[in-house]
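# Structural overview for review
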Amino acid sequence: MKDRAYFEIRLESLGGLGANLCGKMLGELGVKYLGLNGAAFSSYGSEKRGSPVSSFIRWCEGNKEILINSPVREPDILGVFQENILMKYPWPDILEMPRKMVINTRKNAEALTENYPWLSGDIYYLDGISIAMQTKSRMNMIMLGAMMKALEDEDIVKGQNRESRDFLACGRKLIEETVGKKYPDLLEINRNGFMAGYEMVRQFRGKGDGGTIPEDCQEKLVWGYENAPIGGINPLAGSMASNDLSPSRSGYMPLFDESKCIHCGLCDSTCPDMVFQFKKGIYKGKEQMMNRGLDYHYCKGCLRCVAVCPVNALVAGVEAEHPDPQWFVPDKDLVASNIHWTQRASDGWITGESYMSERRNDGGVR
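Report follows, based on the coordinates. A quick note: this is a predicted structure, and the numbers were derived from the prediction, not measured. (Residues numbered from 1 in each chain as written. Predicted model: local features only at pLDDT ≥ 70, side-chain atom pairs only at ≥ 80, totals over all residues. Heavy atoms only, no water.)

This next bit is on the overall build of the protein. What the protein contains, in helices and strands, is 9 helices and 13 strands. A total of 366 residues make up the protein; the buried ones form 49% of that total. Sequence-distant contacts in the protein: of pairs separated by 6 or more residues, those separated by 24 or more amount to 70%. A total accessible area of about 18,400 Å² is found for the protein, and carbon and sulfur atoms account for 50% of it. (Helix = DSSP H or I, 4+ residues; strand = E, 2+ residues; numbered from the N terminus. Buried < 20%, exposed > 50% of the residue type's maximum accessible area, 1.4 Å probe, protein only. Contact = heavy atoms within 4.5 Å. Areas by Shrake-Rupley, 256 points an atom, 1.4 Å probe, with all protein chains shown as cover.)

If you want it as structure tokens, here you go:
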């Protein structure tokens, strides 16, 4: 265990991938099965699928107390639920590079090293989306299994396993108690996903120097108690306009066949993020609004449109097989083709940045 008082884990994710539950389960793992004291909590914004989520876990020996409840900024292990999050580096609110990272990615070790040469320490990686599709499990169970692989040789884990307890068996028991009681029909699927994550994760050593994140890259709070607006009014309202929700998709996306579409608008009315683009046109000799396609920047892959479409003009497809869909129609009012996944949450009250601080052009982000 490191010299600092606590063993710390941090999970970086997007809403909808289950990082909050995964963090809670890691906290319970230490307390219930390893004889440790533990704390686990999460930070997230609007809880919309696609908005950034961070989960923090602390462990210490059972005869000590955890005396702080601040976010983990010097993690021993960092779990990254979606590779796009690596584009945020250097992370503004992390002070020190972790000793280990667990990354969900489609890339192999060589590609990760080439694209992210700053990676340091032990890197555990796996294609969690493909595994989730194969096992029909959730991403959090896949990542939990991969995290167990990264944790099993840690001194704090081995030191508390005095009764020769099977570390994996502890994980399976935890799933039974957490998931099995609430969703007994999904227990076997989630247990299979957990084991697949543990068995299929791969490892390599990062070539980066690691160490402390440069101070000029660390987070600086714009508002504090000394300079907050009078009356406590928050001038930075949250907005999802600059968020790219596509990293939230779990391997599937809706495919649109315009030749079958009857332009009824049911897909648009059921879509939680208004991704469908309608324009005036002629259908069966009458002028009406016609469906022209989807803005995939804001499609999070919930597939509600597929379920509601009465004529199968929308069907579920494997996203990896359609990297450049011809029915991708960016919302002209948002100019979404130039938007990337934001570094901040959509919740302006805690960690968000307002769309008002960005340059606007005809109601869109420029």
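A few words now on the sheet that holds strand 6 (residues 120-126). Spatial strand order, 2-3-1-4-5-6-7: 7 strands in an open sheet with mixed pairing. At either margin of the open sheet sits one strand with a lone partner, and together these are strand 2 (36-44) and strand 7 (202-207). Across this sheet, the average inter-strand angle for adjacent strands is 20°, counted without regard to direction. Here strand 4 (residues 77-80) runs beside strand 5 (residues 100-104); their pairing, made up of 4 bridges, is parallel. What sits directly across from Gly79, in strand 5, is Val102. Where helix 4 (residues 139-151) meets the sheet, its contacts fall on strand 1 (7-14), strand 3 (52-61), strand 4, strand 5 and strand 6, and the angle it forms with strand 5 comes to roughly 155°. (Pairing = 2+ DSSP bridges. Axes fitted to C-alpha atoms, helices over the stretch in contact; angles between N-to-C directions.)

All told, the structure shown has 2 cavities of 30 Å³ or more when counted by the stated rule. Roughly 100 Å³ of internal volume is contained in the largest cavity. Along its surface, the largest cavity is lined by 15 residues, and Cys271, Val275, Cys299, Lys300 and Cys302 are the ones closest to its centre. Within the lining of the largest cavity, the residues separate by chemical class into 11 nonpolar, 1 polar and 3 charged. (1 Å grid on protein atoms, 1.4 Å probe; cavity = no way out; pocket = protein on both sides within 12 Å on 5 of 7 lines; lining within 4 Å. Points joined across faces, edges and corners; volume = space filled by probe spheres on them. Nonpolar A, V, L, I, M, F, W, Y, C, P; charged D, E, K, R; others polar.)

At His263, a position not held by glycine, the phi torsion is positive, near 55°. The residue His263 is located in the loop between strand 8 (252-256) and helix 8 (266-270) in this model. Accessibility expressed as a relative area gives 9% for His263, which makes it buried. In this structure, Met274 is a non-glycine residue whose phi angle is positive, near 50°. Judged by its relative accessible area of 64%, Met274 falls in the exposed class.

Look at helix 6 (residues 167-180): 19 Å from first C-alpha to last across 14 residues, which is about the 20 Å you get at 1.5 Å a residue. Phe167, Leu168, Cys170, Gly171, Leu174, Ile175, Val179 and Gly180 are the residues of helix 6 that are buried. Backbone nitrogen of Leu168 and a side-chain oxygen of the N-cap are separated by 3.0 Å at the start of helix 6; the cap is Asp166. (Expected span 1.5 Å × (residues − 1). Polar contact = N/O pair within 3.5 Å; in protein donor to acceptor, adjacent residues only side chain to side chain.)

Geometric values such as these leave the question of function open.
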